[in-house]
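Reading the structure
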Amino acid sequence: MGAGDLVGVYTLSMNSVEELLTSDARVMGGEVVFRDTRVPLQALIDHLAGGDSLDEFLVDFPGVSREAAIKVIETLGSKLDQVIHAAAS
């Protein structure tokens, strides 16, 4: 699988969560945010990477539903796994 194929896999991962995430230059400078909020996806990543629980993230950002956060984590995690396996083959 070539580099172009990996771009296609990454694009699929973003399409599968587009109902939950959005990016608009007029909102948070174009950062990817949870739809209908100003909460950046990066905030979730930073919280989890810093050792915070999902519950702690949700307390800090009550505009994000538990269901949305879990769906984003599951979908992006699954797609990242696919990208890694594709790159290794």
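Small disclaimer: the values here were computed from a predicted structure and weren't measured.

Let's talk about the confidence of the model for the protein
The share of residues in the protein with pLDDT of 70 or more is 82%, and the mean pLDDT across the chain is 83. No element of the protein has a lower mean pLDDT than helix α1 (residues 3-15), which averages 44, and none a higher one than helix α3 (residues 54-60), which averages 98. Note that residues 1-13 has pLDDT below 50 and, in this model, 13 contacts with residues that lie over four places away or in other chains.

What about the nonpolar core?
In terms of nonpolar packing, the biggest core is built from 15 residues, with F34, F57 and V64 touching the most fellow members. Those elements that place two or more of their residues in this core are α2 (41-49), α3 and α4 (66-88). In this structure F34 touches L20, L21, V39, P40, L41, L44, F57, V64, A68, A69 and V72, once residues within four positions along its chain are discounted.

Structural notes on the side chain of H47
Tracing the sequence through the fold places H47 in helix α2. Here D60 takes part through its side chain, which lies 2.8 Å from a polar atom of the side chain of H47. For H47, the contacting residues outside a window of four places in its chain are D52, E56, F57, D60 and F61.

A closer look at the pattern of salt bridges
Applying the stated criterion to the full structure yields 2 salt bridges. In this structure, the salt-bridge partner of R26 is D24, at a minimum N-O distance of 2.8 Å.

Focus on the environment of L44
Within the element layout of this structure, L44 appears in helix α2. The spacing of L44 and E56 is 12 residues in sequence and 9.9 Å in space, taken between C-alpha atoms.

Concerning the packing of aromatic side chains
This structure, assessed with the given rule, holds 2 aromatic pairs. When the ring of F34 is compared with that of F57, the centres are 6.2 Å apart and the planes differ by 40 degrees; the resulting orientation is tilted. One end of the pair, F34, is in strand β2 (residues 27-34); the other, F57, is in helix α3, and 23 residues separate them in sequence. Of the two residues, F34 and F57, both sit in the buried class. Judged by centre distance (5.1 Å) and plane angle (35 degrees), the ring pair of F57 and F61 falls under tilted. You can call F61 partly exposed: its relative accessible area is 22%.

What counts as what
Residues numbered from 1 in each chain as written. Predicted model: local features only at pLDDT ≥ 70, side-chain atom pairs only at ≥ 80, totals over all residues. Heavy atoms only, no water. pLDDT = per-residue confidence, 0-100. Helix = DSSP H or I, 4+ residues; strand = E, 2+ residues; numbered from the N terminus. Contact = heavy atoms within 4.5 Å. Core = buried A, V, L, I, M, F, W, Y, C linked by side-chain atoms within 4.5 Å. Buried < 20%, exposed > 50% of the residue type's maximum accessible area, 1.4 Å probe, protein only. Polar contact = N/O pair within 3.5 Å; in protein donor to acceptor, adjacent residues only side chain to side chain. Salt bridge = Lys/Arg side-chain N within 4 Å of Asp/Glu carboxyl O. Phe/Tyr/Trp six-rings, centres within 6.5 Å; stacked < 30°, edge-to-face > 60°.

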